[in-house]
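Spelled out from the first residue to the last, the chains are:
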Amino acid sequence: MKNFAIAIHGGAGTILRSLMTPEKEAQYTNALQNAIDAGYTILDEGGSSLDAVEAAVMSMENFPLFNAGKGAVFTNKGLHEMDAAIMDGKTLEAGAVSGISSVQNPVHLARIIKEKSGHVMLSGGEAAKFAKKMNLPFQPDEYFYTEERFQQWTAVKDSDTYQLDHSDKTEKGEKKFGTVGAVAIDIKGNLAAATSTGGMTNKRYGRVGDSPIIGAGTYANNNTCAISCTGHGEFFIRAVVAYDISCLMEYKGLTLKAACDYVVKDKLVKMGGEGGLIAIDKDGNIELPFNSEGMYRAWKKEGEETVVKIYE
Ligand code: ASP
C-alpha cells in the first residue's frame, strides 16, 4: 500500500496582491479546499486516483472564479469553448475534448471519451453530439456567464488581441491563467492527471491550448509522474512540457524536482513561456513550480493538513 496524495491548481499568472481583497482570497481558498476535499475523500476511501482527479477538477469547474466550466472566458464570438483532458497513469489511457460548448463538466466528458468512444480526443460540435448520446448534463449560456469574464472580453473583443484570462485595462496589469487541474496517487500507487480550461479570452479560429493535448498540458505515467499545467498554452505545446518532465525522469533519471525546475524555471523561461504546473511522482513527492508571480494551488498528503497557497 502506498501513501496517497493529491495536488490541484486553479491557474497561474500575475496575481497582484494589491488587487486581492480578503474576501476574494477567502473565496479562492475555500474553492481550493473544497476541491481538495472532493478528491481526498475518494482516495481516503480507497478509491482511484482517476476518480479523485476527476472529482477535484469538477469541483473547480463548478466554481465561477476559475476559467473552466462555469466562469469560462469568452471567445471572439462571445461563446464559451472549453478544453479538457484526463489520463490514467496505470494504463496510459487518455481522454480529451477541445472546443466544447454547453457541456457542464468538460473533464467528465473527457473521462467518458476515454472510456466509451474508442478514441482519445474529440472536438467541437461532434463532441457535443457524443456527450448528448452519453446523456451528460448540458447547461444554457447563462450558466457559464460571469460579469468579470464578460468585462474582460468587452475590453478586447474589437481588437486582434487574445488574452490569457486577464485584462490590462480593467484590472490594471493583473494577468491570470485560470485553468484548473489535479494530480493524484492512490493507495495502489496509480497516478492520474486531469486539466480543464476555457482557454484564452477573445480566442478565435478554433484555437486550442495545451490543456487537452496529452503530453503538453496533461500527462500521467505510473513509471514516472502525473502532471497538469497552466500558462501560455502555445509555449507549453511547443515545449511538450508534461511529457518532457516524465521523459527527464524516465530516460535521464532526474528527480521530480530537478525535472520540474529545469522545464519550468529554465527551458520555458528561455522560450518566453509563462506559467506553472503541479506534479506528483510514483513515490508521492509533490512539486508545484511556476515562473509567474503566483499560482492558485493546494495539496494534501495522507493524514496531513491541506496546504493552500497563492503566492511564492
Ligand atoms: N494553458 C491554458 C491555455 O493556453 C490557459 C491557462 O492555463 O489558463 O489554454
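Residues numbered from 1 in each chain as written. Predicted model: local features only at pLDDT ≥ 70, side-chain atom pairs only at ≥ 80, totals over all residues. Heavy atoms only, no water.

Enquirer: Any chance you could explain the sheet that holds strand β11 (residues 286-287) here in plain terms?
Expert: By way of backbone hydrogen bonds, the strands of a sheet pair with one another, either parallel or antiparallel. Taken in spatial order, the four strands line up as β8-β9-β10-β11 in an open sheet, and their pairing is antiparallel. The sheet is open, and its two borders are formed by β8 (218-220) and β11, each paired with just one other strand. In this structure, β8 lies alongside strand β9 (residues 225-231), joined through three bridges in antiparallel fashion. By the bridge assignment, Thr218 is partnered in β9 with Ser228. Against the sheet, helix α9 (residues 241-252) touches β8, β9 and β10 (275-281), its axis set at about 145 degrees to β9. Sitting on the sheet, helix α10 (residues 256-271) touches β9, β10 and β11, and the angle it makes with β10 is about 165 degrees. (Pairing = 2+ DSSP bridges. Helix = DSSP H or I, 4+ residues; strand = E, 2+ residues; numbered from the N terminus. Contact = heavy atoms within 4.5 Å. Axes fitted to C-alpha atoms, helices over the stretch in contact; angles between N-to-C directions.)

Enquirer: Mind showing me how you'd approach the nonpolar core here?
Expert: In globular proteins that are soluble, nonpolar side chains generally tend to be buried together. Within the largest apolar cluster, 51 residues are counted, with the highest numbers of intra-cluster contacts made by Ile6, Ile8, Phe66, Ile100 and Leu109. Of all the elements, helix α1 (residues 22-44) adds the most residues to this core, at seven residues. Apart from the residues lying within four places of it in its own chain, the contact partners of Ile8 are Leu32, Ala35, Ile36, Ala56, Met60, Gly181, Ala182, Ile278, Leu288, Tyr296, Arg297 and Ala298. If you look at the next biggest cluster of nonpolar residues, it comprises 39 residues, including Val183, Ile185, Ile245 and Met295. (Core = buried A, V, L, I, M, F, W, Y, C linked by side-chain atoms within 4.5 Å. Buried < 20%, exposed > 50% of the residue type's maximum accessible area, 1.4 Å probe, protein only.)

Enquirer: I would appreciate a short explanation of the side chain of Glu287 in the present structure.
Expert: If you trace the backbone, Glu287 turns up in strand β11. Lys257 is the oppositely charged side chain nearest to the buried, salt-bridge-free Glu287, at an N-O distance of 4.6 Å. (Lys, Arg positive; Asp, Glu negative; His and termini not counted. Salt bridge = Lys/Arg side-chain N within 4 Å of Asp/Glu carboxyl O.)

Enquirer: Would you take a moment to explain a nonpolar patch on the surface for this structure?
Expert: Judged by side-chain polarity, Val240, Tyr243 and Tyr251 come together as a nonpolar surface patch covering roughly 300 Å² of accessible area. Note on placement: Tyr251 falls in helix α9. Exposure remark for Tyr251: the relative accessible area of 59% places this residue in the exposed category. (Patch = residues over 30% accessible without salt bridge, like charges linked within 9 Å, V, L, I, M, F, W, Y side chains within 5 Å. Areas by Shrake-Rupley, 256 points an atom, 1.4 Å probe, with all protein chains shown as cover.)

Enquirer: Got a minute to help me understand the side chain of Glu61 in this structure?
Expert: Secondary-structure assignment places Glu61 in helix α2 (residues 49-61). As a buried residue without a salt bridge, Glu61 has its nearest oppositely charged side chain in Arg111, at a separation of 12 Å. A distance of 3.0 Å separates the side chain of Glu61 from the backbone nitrogen of Val107, its partner in a polar contact. Among all residues touching Glu61, those that are not within four sequence positions of it are Ala68, Gly69, Lys70, Gln104, Asn105, Pro106, Val107 and Ser196. (Polar contact = N/O pair within 3.5 Å; in protein donor to acceptor, adjacent residues only side chain to side chain.)

Enquirer: Would you mind showing me how to read the site of the ligand here?
Expert: By nearness alone, twelve residues border the ligand, and Thr179, Arg207, Asp210, Thr230 and Gly231 come closest of all. A distance of 2.6 Å is found between an oxygen atom of the ligand and a side-chain nitrogen or oxygen belonging to Thr179. Within the side chain of Asp210, a nitrogen or oxygen atom sits 2.6 Å from a nitrogen atom of the ligand. Summarising the interface, the protein chains cover 100% of the accessible area of the ligand, which totals 270 Å² for the free molecule. Its residues assigned to classes, the shell around the ligand shows two nonpolar, eight polar and two charged. (Near = heavy atom within 4 Å. Nonpolar A, V, L, I, M, F, W, Y, C, P; charged D, E, K, R; others polar.)

Enquirer: Explain the confidence of the model for the chain here, please?
Expert: Looking at the chain, the pLDDT average stands at 93 and 95% of residues meet or exceed 70. When the elements of the chain are averaged for pLDDT, helix α7 (residues 168-171) gives the smallest value, 39, and β8 the largest, 99. Low pLDDT, under 50, characterises residues 166-172; the predicted model gives this stretch 19 contacts beyond four residues in sequence or across chains. (pLDDT = per-residue confidence, 0-100.)

Enquirer: Please clarify how the packing of α9 against α10 should be interpreted in this entry.
Expert: Two quantities define a packed helix pair, namely the angle between the helix axes and the distance between the axes. It is at 9 Å that the axes of α9 and α10 come closest, and there the two elements cross at 135 degrees. Between α9 and α10, the angle falls in the class oblique. The two elements α9 and α10 meet at a crossing, and its hand is right-handed. The residues of α10 that touch α9, namely those facing Val241, Asp244, Ile245, Leu248 and Met249, are Leu256, Ala259, Cys260, Tyr262, Val263, Lys267 and Leu268. (Parallel < 35°, antiparallel > 145°, perpendicular 65-115°, else oblique. Left-handed = near helix turned anticlockwise from the far one by under 90°.)

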